[in-house]
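These are the residues of each chain, in order.
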Amino acid sequence: MKATLPSTTPQLRTFTSPPLSFNRSFGFPENRRKLSGTSSLLRGAPPSFSYVPLRVTANSQSAAPASTEAAKATVVPSEMKAWVYGEYGGVDVLKFDEKVAVPRVKEDQVLIKVVAAALNPVDGKRRQGKFKATDSPLPTVPGYDVAGVVVKVGSQVKELKEGDEVYGNINEKALEGPKQFGSLAEYTAVEEKLLALKPKNLDFAQAAGLPLAFETAYEGLERTGFSAGKSILVLNGAGGVGSLVIQLAKQVFGASKVAATSSTGKLELLKSLGADLAIDYTKENFEDLPEKFDVVYDAIGQCDRAVKAVKEGGSVVALTGAVTPPGFRFVVTSNGEVLKKLNPYLESGKVKPVVDPKGPFPFAEVAEAFSYIETNRAVGKVVIHPVP
């Protein structure tokens, strides 16, 4: 595998019309009717509000060629194309709908014309109903990560304006009331505080793959008290979060040593990201190493083994799976200020996005992209681009 990270030139793929088409309107909870059957979706009347037609003119926030696609003149319609599921289950519950109502914009929100989105493991867990008690009402447009262009601003929005190119994780709390209208749609409404201007040197596809993983990597390091001179072991260093933990630990926090695990074919990628020690988990048990670490960042679900690799008094952060003391788990809080703080590292090239080489997947192949990410074999982030 090449150690070279993705270039800033987007891999544009021709969009073909999705194979499924549903003439249904996606209404708000007060308009919902009882769902039935595996493919039943909402037939409620569209919300009783309208938009003044808007024209998108992207401000020059990016030098990347992809920015021109967002600058095309467009009128914000009352309905949009989106991926929707009306019941919990596997990938097969995802349906393409051409008549989903464009979401309302609250006073503290902006409406984004989505150019690219990314998938995260939490998307799959949410769709499977693993936190249905705190989920928003069905039916749901999935998607947390977004990159796109602001086309409308709420009355309390202070900094962003129409035409700004932005990116962010649209759900402040990943598991508590995530938005019913996610990023796998032509438009999504997001609180200003969750967004940042897109780094000037990244295209939309690269930017879309960053927010949730970036915020998770950073918050996890902060929660462990990680600081300059400390050592860290990253489990699943080639994954979406792990690939960013390696870079943040080295470039932002000043780690004295970064070790990371992956399969054989991804070892060179780990080294290119800044890992001082790349461990092939198919040939070596990391917990048997004589060296122990100040922090172990478990991004794969092996906390029972991770606690054996940490120094006495050290910290183990676990993102998934059972937690073994002294390990701990946290759920990330989306925060645009974190992205703003880290943007200079992206724009300087010290920290780079890692987009899975099988992508970006076109909007028509969202279901295939979900099937792929759920194999747990993705490298970096699985991105959806372009979004029509």
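A quick note: this is a predicted structure, and the numbers were derived from the prediction, not measured. (Residues numbered from 1 in each chain as written. Predicted model: local features only at pLDDT ≥ 70, side-chain atom pairs only at ≥ 80, totals over all residues. Heavy atoms only, no water.)

Asker: I'd like a description of the overall build of the chain, backed by residues and values.
Answerer: Scanning the chain for helices and strands turns up nine helices and 14 strands. Here the chain holds 388 residues, and the buried ones make up 57% of them. Long-range pairs, those at least 24 residues apart, make up 71% of the contacts in the chain with a sequence separation of at least 6. Surface accessibility of the chain: about 15800 Å² in total, with carbon and sulfur atoms responsible for 49%. (Helix = DSSP H or I, 4+ residues; strand = E, 2+ residues; numbered from the N terminus. Buried < 20%, exposed > 50% of the residue type's maximum accessible area, 1.4 Å probe, protein only. Contact = heavy atoms within 4.5 Å. Areas by Shrake-Rupley, 256 points an atom, 1.4 Å probe, with all protein chains shown as cover.)

Asker: Quick rundown of the pairing of strand β12 (residues 310-318)? Include the residues and the values.
Answerer: Looking down a regular strand, the side chains alternate between one sheet face and the other. Of the pairings in the sheet, the one linking strand β11 (residues 293-298) to β12 comprises five bridges and is parallel in character. Note on β12: the bridge partner recorded for Tyr 297 is Val 317. (Pairing = 2+ DSSP bridges.)

Asker: Can you explain the pattern of salt bridges? Please cite residues and give values.
Answerer: Under the counting rule described, the total for this entry stands at 16 salt bridges. We note a salt bridge from Lys 340 to Glu 159, for which the minimum N-O separation is 3.4 Å. With a gap of 181 residues between them, Lys 340 in helix α8 (residues 336-347) and Glu 159 in the loop between β4 (145-153) and β5 (165-169) connect regions that are remote in the sequence. Here Lys 179 and Glu 191 are joined by a salt bridge, their closest N and O atoms 2.7 Å apart. One end of the pair, Lys 179, is in the loop between β5 and β6 (187-191); the other, Glu 191, is in strand β6, with twelve residues separating them in the sequence. The class of Lys 179 is buried, set by a relative accessible area of 15%. When salt bridges that share partners are traced, they join Glu 159, Glu 337 and Lys 340 into one network. (Salt bridge = Lys/Arg side-chain N within 4 Å of Asp/Glu carboxyl O.)

Asker: Can you tell me about the environment of Leu 267, naming the residues and giving the values?
Answerer: Here Leu 267 shows up in helix α6 (residues 267-273). According to the relative accessible area criterion, Leu 267 is buried, its value standing at 16%. For Leu 267 and Asp 280, which are 13 residues apart along the polypeptide, the C-alpha to C-alpha distance reads 7.0 Å.

Asker: Go over the sheet that holds strand β13 (residues 327-329) with me, naming the residues and quoting the values.
Answerer: In sheet architecture, strand pairing relies on hydrogen bonds along the backbone and comes in two forms, parallel and antiparallel. Taken in spatial order, the six strands make up an open sheet running β10-β9-β8-β11-β12-β13, and their pairing is parallel. Each end of this open sheet is capped by a strand with a single partner; those strands are β10 (277-280) and β13. When the angles between neighbouring strand axes are averaged without regard to direction, this sheet yields 20 degrees. For strand β9 (residues 257-262) and β10, the ladder comprises four bridges, and the chain directions are parallel. Bridging across to β10, Thr 261 finds its partner in Ile 279. Sheet strands touched by helix α4 (residues 211-223): β8 (231-235), β11 and β13. Its angle to β11, the strand with the most contacts, is close to 145 degrees. (Axes fitted to C-alpha atoms, helices over the stretch in contact; angles between N-to-C directions.)

Asker: Tell me about the packing of α4 against α8, and name the residues and values.
Answerer: Across the interface, α4 lies against α8 with an axial gap of 10 Å and an inter-helix angle of 95 degrees. Relative to α8, α4 is oriented roughly perpendicular. Between α4, through Pro 211, Phe 214, Glu 215, Tyr 218 and Glu 222, and α8, the contact on the second element is made entirely by Gly 336, Val 338, Leu 339, Lys 341, Leu 342 and Leu 346. When the residues that make up the contact of α4 with α8 are grouped by side-chain class, the tally is seven nonpolar, one polar and three charged. (Parallel < 35°, antiparallel > 145°, perpendicular 65-115°, else oblique. Nonpolar A, V, L, I, M, F, W, Y, C, P; charged D, E, K, R; others polar.)

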